[in-house]
2 protein chains.
Amino acid sequence: MRGAILHAPGDVRFEERDDPTIVEPTDAIIRMSATCVCGSDLWDYRGINKVREAAPTGHEYCGIVEEVGSDVRTIKPGQFVIGSFFASDGTCPHCRAGYQTACANRVPMAVLGAQAEALRVPLADGTLVATPEVPDEAMLPHLLAASDVLGTGWFAAVAAGVLPGSTVAVVGDGAVGLLGVLAAKELGAERVIAMSRHEPRQKLATEFGATHIVTERGDDGVARIEDLTDGIGADAVLECVGTDEAMAQAIKSVRPGGGVGFVGVPHGVNLDARQMFYSIVRLQGGPAPVRRFLPELIDLIWTGRIEPGKVFDLELPLSEVAEGYAAMDERRAIKAFLRP
Amino acid sequence: MRGAILHAPGDVRFEERDDPTIVEPTDAIIRMSATCVCGSDLWDYRGINKVREAAPTGHEYCGIVEEVGSDVRTIKPGQFVIGSFFASDGTCPHCRAGYQTACANRVPMAVLGAQAEALRVPLADGTLVATPEVPDEAMLPHLLAASDVLGTGWFAAVAAGVLPGSTVAVVGDGAVGLLGVLAAKELGAERVIAMSRHEPRQKLATEFGATHIVTERGDDGVARIEDLTDGIGADAVLECVGTDEAMAQAIKSVRPGGGVGFVGVPHGVNLDARQMFYSIVRLQGGPAPVRRFLPELIDLIWTGRIEPGKVFDLELPLSEVAEGYAAMDERRAIKAFLRP
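The rules we used
- Residues numbered from 1 in each chain as written.
- Chains lettered and ligands numbered in written order.
- Predicted model: local features only at pLDDT ≥ 70, side-chain atom pairs only at ≥ 80, totals over all residues.
- Domains from an automatic or database assignment.
- Contact = placed C-beta atoms within 7 Å.
- Helix = DSSP H or I, 4+ residues; strand = E, 2+ residues; numbered from the N terminus.
- Nonpolar A, V, L, I, M, F, W, Y, C, P; charged D, E, K, R; others polar.
- Least-squares fit on C-alpha atoms with pLDDT ≥ 70 in both.
- Pairing = 2+ DSSP bridges.
- Axes fitted to C-alpha atoms, helices over the stretch in contact; angles between N-to-C directions.
- Buried ≥ 20, exposed ≤ 12 C-beta atoms within 10 Å, placed from the backbone.
- Parallel < 35°, antiparallel > 145°, perpendicular 65-115°, else oblique.
- Arc of directions from axis to C-beta.

1. Observations regarding the domain arrangement of chain A
Residue and element names in this part refer to chain A.
Then, in step 1: Per the domain assignment, the segments of chain A are domain 1 (2-148 + 289-339) and domain 2 (150-285).
Then, in step 2: When each unit is reduced to the centre of its C-alpha atoms, the spacing between domain 1 and domain 2 is 26 Å.
Then, in step 3: The partner domain 2 presents 17 residues to the 19 residues of domain 1 that form the contact.
Then, in step 4: The dominant element in the side of domain 1 that touches domain 2, judged by the number of residues it contributes, is helix 12 (residues 290-302), at four residues.
Then, in step 5: Split by residue class, the side of domain 1 that touches domain 2 holds 13 nonpolar, three polar and three charged.

2. Comments concerning the relation of the copies chain A and chain B
Superposition of the two copies of the chain requires a rotation about an axis together with a shift along that axis.
Then, in step 1: Aligned on chain B, chain A shows an RMSD of 0.0 Å; the corresponding rotation is 180° and the shift along the axis is 0.0 Å. The relationship between the two copies is best expressed as a two-fold rotation axis.
Then, in step 2: Counting the interface residues of chain A, we find that 100% of their copies in chain B are interface residues as well, pointing to one common contact surface.

3. Description of the sheet that holds strand 11 (residues 167-171) of chain A
Then, in step 1: With mixed pairing, the 12 strands of this open sheet are ordered in space as 13(A)-12(A)-11(A)-14(A)-15(A)-17(A)-17(B)-15(B)-14(B)-11(B)-12(B)-13(B). The open sheet terminates on both sides in strands that have one partner only, identified here as strand 13 (212-214) of chain A together with strand 13 (212-214) of chain B. Here the strands of the sheet are splayed against their neighbours by 20° on average, with no regard to which way each runs.
Then, in step 2: In this structure, strand 14 (residues 234-239) of chain A lies alongside strand 15 (residues 254-262) of chain A, joined through five bridges in parallel fashion. Bridge pairing in strand 15 of chain A links Val237(A) to Val260(A).
Then, in step 3: Against the sheet, helix 10 (residues 244-253) of chain B touches strand 11 (167-171), strand 14 (234-239) and strand 15 (254-262) of chain B, its axis set at about 145° to strand 15 of chain B.

4. Section: the interface of chain A and chain B
Then, in step 1: The interface is formed by 24 residues belonging to chain A together with 24 residues belonging to chain B.
Then, in step 2: Top contributing element to the side of chain A that touches chain B by residue count: helix 11 (residues 273-279) of chain A, with five residues.
Then, in step 3: Bridge count between strand 16 (residues 270-272) of chain A and strand 16 (residues 270-272) of chain B: three bridges; the pairing is antiparallel. Its bridge partner lying in strand 16 of chain B, Asn270(A) is registered against Asp272(B).

5. What about the sheet that holds strand 1 (residues 2-8) of chain A?
Each strand in a sheet pairs with its neighbour through backbone hydrogen bonds, running either in the same direction (parallel) or in the opposite one (antiparallel).
Residue and element names in this part refer to chain A.
Then, in step 1: Pairing within the open sheet is antiparallel, and its three strands lie in the order 2-1-4. Two strands in the sheet have a free side with no partner beyond their single neighbour: strand 2 (11-16) and strand 4 (55-56).
Then, in step 2: Pairing geometry for strand 1 and strand 2, over six bridges, is antiparallel. The residue bridging Gly-3 from the neighbouring strand is Glu-15, located in strand 2.
Then, in step 3: The sheet strands contacting helix 13 (residues 321-329) are strand 1 and strand 2, and the helix crosses strand 2 at an angle near 160°.

6. Overview of the pairing of strand 3 (residues 28-36) of chain B
Residues and elements named next belong to chain B.
Then, in step 1: The buried count for strand 3 comes to eight of nine residues, which makes it a mostly enclosed element.
Then, in step 2: Examined bridge by bridge, strand 3 and strand 5 (residues 61-68) share seven bridges and lie antiparallel to one another. Bridge pairing links Ile-29 to Glu-67 in strand 5.
Then, in step 3: Pairing analysis gives four bridges linking strand 3 to strand 9 (residues 118-121), with the strands arranged antiparallel. Bridge pairing in strand 9 places Arg-31 opposite Ala-118.
Then, in step 4: Pairing between strand 3 and strand 19 (residues 336-339): two bridges, direction antiparallel. Directly across from Cys-36, in strand 19, lies its bridge partner Phe-337.

7. Notes on unusual backbone geometry
All names here are of chain A.
Then, in step 1: For Asp-230, which is not glycine, the phi dihedral falls at a positive 55°.
Then, in step 2: By secondary structure assignment, the location of Asp-230 is in the loop between helix 9 (218-228) and strand 14.
Then, in step 3: Phi at Ile-280 is positive, roughly 55°, even though this residue is not glycine.
Then, in step 4: You can see Ile-280 is positioned in the loop between helix 11 and strand 17 (282-285).

8. Here's the deal with the packing of helix 6 (residues 149-159) of chain A against helix 12 of chain A
All names here are of chain A.
Then, in step 1: Interhelical geometry of helix 6 versus helix 12 gives an angle of 105° and a closest axis separation of 9 Å. Relative to helix 12, the element helix 6 lies roughly perpendicular. Contacts from Leu-150, Gly-151, Thr-152 and Trp-154 in helix 6 reach Val-290, Phe-293, Leu-294 and Leu-297 in helix 12.

9. Focus on helix 8 (residues 199-208) of chain B
All names here are of chain B.
Then, in step 1: Among the residues making up helix 8, those that are buried are Arg-201, Leu-204, Ala-205 and Phe-208. Summarising the axial view, the buried residues of helix 8 lie within an arc of 105°, below the 170-degree limit, and thus occupy one face.
Then, in step 2: Looking one or two residues beyond helix 8, the residue adopting positive phi is Gly-209, at roughly 125°.

10. A look at helix 6 of chain A
Residue and element names in this part refer to chain A.
Then, in step 1: Taking burial as the measure, the 11 residues of helix 6 include 11 buried ones, the bulk of the element.
Then, in step 2: Here helix 6 has its buried residues at Val-149, Leu-150, Gly-151, Thr-152, Gly-153, Trp-154, Phe-155, Ala-156, Ala-157, Val-158 and Ala-159.
Then, in step 3: Contacts made by the buried residues of helix 6 are with helix 5 (140-145), helix 7 (175-186), strand 14, strand 15, strand 17 and helix 12.
Then, in step 4: With its phi angle positive at about 80°, Gly-161 sits one or two positions after the end of helix 6.

Dropping the structure here:
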């Protein structure tokens, strides 16, 4: 089969790779229906994370089960399934507490390389969620979004403590930030302030439920949030970038006792303990336990209530995966959808 | 009247000060029944916070109302009242949200100096809570504890997300940490692990509800918590010190998705954003909104359910306030109770 290999920063190639096979009896093999490029893939692509050797890449996936190992009980060949960026057993104390990304037996899917024609999924019963039937083509982008970016935006909103009636600010207008807007709206937020200076992204944020757009950044952005909230601050802020500037903006925008959910992998973020103390902010972030939310998110998609796949504004054949990376790196695309 | 003045690090004197008078129509004047020395007073006393000029000191108080301003509606002369270390109006959005220490009109009581025979309390209706009747002498220590340390330990437990059945670890065996143990127990924790190496404090922690004592610190302490929780980590950790070592110990002791409540004013604390991300810890701290909890805490004390005043292991006449500071500084006493 063929799949993507990251050879060096800026150098992704579509190449022949070994066909995946059942290694553990809890594995499943899926034939990929769709995969995509994640904002977090760009940390490697841009060389911000060290790239030590050529390696498979990609961690978002959905497809048809081809084969399962002898210990797989609930997942069956022929099912259409979605999983998250960590395989998880579903039975350890962390999984049972809803933090599957901390699973005692977790496997990072990026190592297995989901930007490929087929994929081995470890711990299939714990990891994969099947849809009611095999979906039609039009639903693929929405379901694929649930594999990471929708669930990650959703976790940002949950971690920030969004409640019915909340005033929410979202820092970051990438796919995760935009789907954080959608999540906040679905969780009942009354006002959702999207911070974006890019017109197409503003438009999508509005479609997803943003009631206000703030184009200012940094302290000017904080001042605008303050204006919009009568000097009180937002009840909840979603930090969906991972930079120091974005985190500072989030913490300064929240009301005393309000929550910040952060899902951008921190790069150079300094947390000021005194500032956090005196602002009484409640902070939670991390690798989103997308698996916790998957059944609910699939249901919202299946019934047509949400259309998270709108974040894909570039569709390419998987063979052109390199162009997907380049387009996102140069911000020509929000998110690239790849069809094998 | 007479009261304490901090002249310089290590130099507290009991001196003649002006009698407090009604300045604003929302003020009350109270005759002090009891006051005390706080662990946080030691930051100044030890010169860790800069002491710029001689100033009144102390922020914990309870006493009998002597006089009220013309706009005071609910508080009456003759009542026995308790307030917190920030005066708060009780009506602004932050007060209504239960974060009275972020009150738009807050006044730090330390500036007014509660280690004194009488005290002006601003925003009396918002700040003060009256007991059902004037209490007898034996109840004074318990009620005074509610002015800060009990409410602060309580907030640490609430911020850490202690729930019925939780396994809780408490870092810090000062008065706040010990009352954090009591709070965790009252909030329904099943197991409360007190981290202490001081025998009298271990004993008090056990009286307050600790089920386990851990004497190790740092990574050894973390390893003990891991042992006690089958490798999972505590559901909630209360950080009641404010040092970098204590915070690191707290964050490393909590399970993924668990909560850390921190109420020690941070001094030299470095928060590692990546570590916080990958541990998925939920962190909230700050100046405890003690006022939110006061009615409930007074009720628990009044009905004899809790005896937080046991943290006072030294009683002195107010005139010997300097010895109270010295005894706490040298860790000869957990907390010094001062009677005018």
